[in-house]
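# Observations on chain architecture
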Amino acid sequence: VYVEIPFTQTVVWGRGGNGLVYFGMVEQERPHADEPGKHGIDGHKPVRFLHVVMGLSEKTATGKFETAEQAAKREAGEEAGADQAIIGVEVYEFGHNPSPSFTSTWGGVVAVEVDLMKLKKPIPDPEEPINGIFFIEAGKLIEMIAKGQSDTGAYSGVSTSNSALMIHFAHHPEHFPQ
């Protein structure tokens, strides 16, 4: 039987002092990924992507995997420095399936609202080549997704990330920039 480890896409968001919504986006290298237009060409530098906080569920002391909510809180703390900044958590009932053609497991999608003023500097996992976390205003983030890259050149077309953001906007249309 084929089984995949449960995973969660976490939409970490908060309101700035200006009242606008900001999303925590991770910039991370994915050495195994090809650059657009260079499929199968080896010898390139690791490709950088901009995506929501994400991670695999870990096993708990009981031997069972974390729930989507538990994984989201842990990952928000690890990748966004939100340990002491969480205001609220919203688990979206169905999550998403990144691509039923090659992924059998449905992933959790969870929104974690944070107090942007209480965020701490994240302590990166040495196993993950994370370049940083950036809290990006919703309108600017949509522009980056449309352009295909962030201002630092990281690719913004990560389908699972964009799916999680779309699910969040469907539940919170007031967060979509006007």
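Residues numbered from 1 in each chain as written. Predicted model: local features only at pLDDT ≥ 70, side-chain atom pairs only at ≥ 80, totals over all residues. Heavy atoms only, no water.

Let us look at the overall build of the chain. Each helix and strand counted, the chain has 3 helices and 6 strands in total. Out of the 178 residues belonging to the chain, those deemed buried represent 42%. In the chain, the proportion of contacts linking residues at least 24 apart, taken out of those at least 6 apart, comes to 66%. Just so you have it, the chain exposes about 10000 Å², and 57% of that area is on carbon and sulfur atoms. (Helix = DSSP H or I, 4+ residues; strand = E, 2+ residues; numbered from the N terminus. Buried < 20%, exposed > 50% of the residue type's maximum accessible area, 1.4 Å probe, protein only. Contact = heavy atoms within 4.5 Å. Areas by Shrake-Rupley, 256 points an atom, 1.4 Å probe, with all protein chains shown as cover.)

Let us now look at the nonpolar core. Across soluble globular proteins, nonpolar side chains show a tendency to be buried alongside one another. With 19 residues, the main nonpolar core has Phe 23, Met 25, Leu 50, Leu 141 and Leu 165 as its most contacted residues. The set of elements that each furnish at least two residues to this core consists of strand S1 (7-15), strand S2 (21-30), strand S3 (47-56), strand S5 (107-114), helix H2 (138-147) and helix H3 (159-171). Top element by residues in this core is H3. It accounts for 4 residues. Beyond its immediate stretch of four places on either side in the chain, Phe 23 contacts Val 11, Val 12, Trp 13, Phe 134, Phe 135, Ile 136, Ala 138, Leu 141, Leu 165, His 168, Phe 169 and His 175. By size, the runner-up hydrophobic cluster in this structure holds 12 residues, among which are Val 53, Ala 85, Val 110 and Val 112. (Core = buried A, V, L, I, M, F, W, Y, C linked by side-chain atoms within 4.5 Å.)

Applying the stated criterion across every chain yields a total of 3 aromatic pairs. For the ring pair Phe 23 and Phe 169, a centre distance of 5.5 Å and an interplane angle of 80 degrees mean the geometry is edge-to-face. Placement of Phe 23 in strand S2 and of Phe 169 in helix H3 is noted, with a sequence separation of 146 residues between them. What makes Phe 23 buried here is its relative accessible area of 0%. With relative accessibility at 7%, the residue Phe 169 sits in the buried group. (Phe/Tyr/Trp six-rings, centres within 6.5 Å; stacked < 30°, edge-to-face > 60°.)

Below, the discussion takes up the pattern of salt bridges. Pairing between side chains of opposite charge can happen when their charged atoms approach one another. By the definition in use, this model includes 8 salt bridges. The partner of Glu 66 in a salt bridge is Arg 74, with the nearest N and O atoms 2.8 Å apart. Classification of Glu 66 as buried rests on a relative accessible area of 12%. Classification of Arg 74 by relative accessible area gives buried; the value is 17%. The closest approach of N and O atoms between Asp 151 and Lys 147, which form a salt bridge, is 3.7 Å. (Salt bridge = Lys/Arg side-chain N within 4 Å of Asp/Glu carboxyl O.)

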